[in-house]
Amino acid sequence: MNDGRKNCKEFEDFLKESTLKRALEVFKQQVDGVGQSHIQLAQTLREEARKMEDFREKQKLLRKKIELVMDAIHKNRNLQYKKTVEAKRLYEQRCRDKDEAEQAVHRNANLVTQKQQEKLFVKLAQSKSALEDSDRQYQLNVGALEKIREEWQNEHIKACEFFETQESERINYFRNALWLHLNQLSQECVWSDERYEETRRSLEMCSIEKDIEFFVNFRKTGSVPPGNSRRQVLSCLFLCRRGPLPIPASGPGELHQVIQEITHFKAFFCAILFIFQFCRSCRFCV
């Protein structure tokens, strides 16, 4: 595992210290540039969406005003129409009352007394007066209805013309917005391709021979391999196995044993340290 990590680290250093490193840096810069360009494009699209929303809200408010005017005129027209229908019904009723009064006068002209005949004439006169009043009221309602109808028709024409103009503006605005959006996407593709082309040119300048030569010159430890390193290691191990040098027995027994253990440990530690240093410097053990 240590060797694997070391090889990966050396390969990483190799990538960073060569012409390929420059290509990787160019690639990173261009990719960052493409990312920033995409972010700017997203901000532009959000701004265009906000403009579209403002345009839609503006048209909605203007359309709401026209609709309120049309609703008011429509309600007024319906109300006047009901009044006219009621006036017509009353007029027709007064006509029937007048006809009945005339028929009563002619039918009972020779059959009733003078006083009863006067009552019939009074009723006939009242029916005629009521008929004239209902006729005038009916004519007034018909005239008012006609005036409101003309106003409603004119406003309806204006509303239709306004809605037609508004629809034309909406189609034109929406078409221009789509056109602009497509131009922005096309320009973004052109910019991205230019950045990718820059990366391709940097890769074309990458030289495998120069990278390997640079790595060898930077990492080499010498031009001649060591000659007797293995014999030095074997000699060291042989000396370590021989054991400690003789120690005078004049000291106490416990002191003599401790000195022997320290001597053994010191020789073994020196051998391990020498092997570790040798393996770090030996190009064959790496």
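For every chain, the first residue of the written sequence is number 1, and numbering continues from 1 onward in sequence order. Per-residue local features of the predicted model are confined to residues with pLDDT of at least 70, and side-chain atom pairs are confined, for both listing and counting, to 80 or more; whole-chain, interface and lining totals are unaffected and use all residues. Side-chain metrics in this entry use all non-hydrogen atoms of the structure; hydrogen atoms and water are not considered.

### Considerations on the overall build of the protein
Here's step 1: To qualify as a helix, a DSSP run of H or I must reach at least 4 residues; to qualify as a strand, a run of E must reach at least 2; elements of each kind are numbered from the N terminus. Summing up its helical and strand segments, the protein has 6 helices and 0 strands in all.
Here's step 2: The secondary structure elements of the protein, listed N-terminal to C-terminal, are α-α-α-α-α-α.
Here's step 3: Here the protein, with 286 residues, has 16% of them falling under the buried criterion.
Here's step 4: Residues count as neighbours in contact if any of their non-hydrogen atoms are within 4.5 Å of one another. When contacts within the protein are restricted to residue pairs at least 6 apart in sequence, those whose partners lie at least 24 apart make up 85%.
Here's step 5: Per-residue and other accessible areas were derived by the Shrake-Rupley procedure at a 1.4 Å probe size, with only the shown protein chains allowed to occlude residues. With the model as given, the accessible surface of the protein reaches about 22,700 Å², and the carbon-plus-sulfur share is 58%. Think of it in three bands: with a 1.4 Å probe and only protein chains considered, a residue is buried below 20% of the maximum accessible area for its type, exposed above 50%, and partly exposed in between.

### Points about the side chain of S37
Here's step 1: Position of S37 relative to the elements: it lies in helix α2 (residues 19-107).
Here's step 2: Excluding residues within four positions of it along the chain, S37 makes contact with E188, W191 and R195.

### Let's talk about the side chain of T84
Here's step 1: Here T84 is to be found in helix α2.
Here's step 2: The residues contacting T84, other than those within four sequence positions of it, are Y138, N141, V142 and L145.

### Focus on the nonpolar core
Burial of nonpolar side chains together is a common tendency in soluble globular proteins.
Here's step 1: Counting 5 residues, the largest nonpolar core consists of A101, A104, V105, L120 and L124.
Here's step 2: Going through the elements one at a time, α2 and α3 (114-204) are the ones with two or more residues in this core.
Here's step 3: The element best represented in this core is α2, accounting for 3 residues. To qualify as a nonpolar core, a set must consist of buried Ala, Val, Leu, Ile, Met, Phe, Trp, Tyr and Cys residues joined through side-chain atoms within 4.5 Å.

### Remarks on the pattern of salt bridges
Here's step 1: A carboxyl oxygen of Asp or Glu within 4 Å of a side-chain nitrogen of Lys or Arg is what we treat as a salt bridge. If you walk through the whole model with that rule in mind, you get 13 salt bridges.
Here's step 2: Across the pair D193 and R200 runs a salt bridge whose closest N-O atoms are separated by 3.7 Å.
Here's step 3: The partly exposed category is assigned to R200, whose relative accessible area is 39%.
Here's step 4: Taken together, the shared-partner salt bridges connect E47, R50 and D54 into one network.

### Describing a nonpolar patch on the surface
Here's step 1: A contiguous nonpolar surface patch, about 280 Å² in accessible area, is contributed by I208, I212 and V216.
Here's step 2: Mapped onto the elements, I212 comes out in helix α4 (residues 208-219).
Here's step 3: Residue classification places I212 among the partly exposed residues on the basis of a relative accessible area of 46%. Patches in this entry comprise residues that are over 30% relatively accessible and not in a salt bridge; like charges within 9 Å are linked, as are nonpolar side chains (Val, Leu, Ile, Met, Phe, Trp, Tyr) within 5 Å.

### What about the packing of aromatic side chains?
Here's step 1: Each pair of aromatic rings taken from Phe, Tyr and Trp, with Trp reduced to its six-membered ring, is defined by centres within 6.5 Å and is described as stacked if the planes are under 30 degrees apart, edge-to-face if over 60, and tilted in the remaining cases. A full pass over the atoms with the stated rule returns 3 aromatic pairs.
Here's step 2: Relative to Y173, the ring of F55 lies with its centre 4.3 Å away and its plane at 10°, an arrangement referred to as stacked. Remark: Y173 occurs in helix α3 and F55 occurs in helix α2; sequence separation between them is 118 residues.
Here's step 3: Judged by relative accessible area, Y173 falls into the partly exposed class, the value being 24%.
Here's step 4: When the NZ atom of lysine or the CZ atom of arginine is within 6 Å of a ring's centre and also within 35 degrees of its normal, the charge is said to sit over that ring. Its end group placed over the ring of W152, R77 keeps NZ or CZ at 4.7 Å from the ring centre.

### Looking at the environment of R94
Here's step 1: Here R94 is to be found in helix α2.
Here's step 2: Overall, the relative accessible area of 26% leaves R94 in the partly exposed class.
Here's step 3: Counting along the chain gives 40 residues from R94 to S134, while the straight-line C-alpha distance between them is 7.1 Å.
Here's step 4: Residues within four places of R94 in sequence aside, it is in contact with S127, A130, L131 and S134.

### Some remarks on the confidence of the model for the protein
Here's step 1: A score between 0 and 100, pLDDT records how confident the predictor is in each residue. Scored by pLDDT, the protein comes out at a mean of 76, with 70% of its residues at no less than 70.
Here's step 2: When mean pLDDT is taken per element in the protein, α3 scores highest with 87 and helix α5 (residues 229-241) scores lowest with 48.
Here's step 3: Segment residues 236-252 is flagged for pLDDT under 50; beyond a separation of four residues in sequence, or across chains, it makes 11 contacts in the model.
Here's step 4: Within the model, pLDDT remains below 50 along residues 278-286, and this stretch shows 7 contacts once partners closer than five positions in the same chain are excluded.

### Side note on the environment of H181
Here's step 1: If you trace the backbone, H181 turns up in helix α3.
Here's step 2: On the basis of relative accessibility, which here comes to 26%, the residue H181 falls in the partly exposed class.
Here's step 3: For the pair formed by H181 and L45, sequence separation is 136 residues and the distance between their alpha carbons is 7.6 Å.

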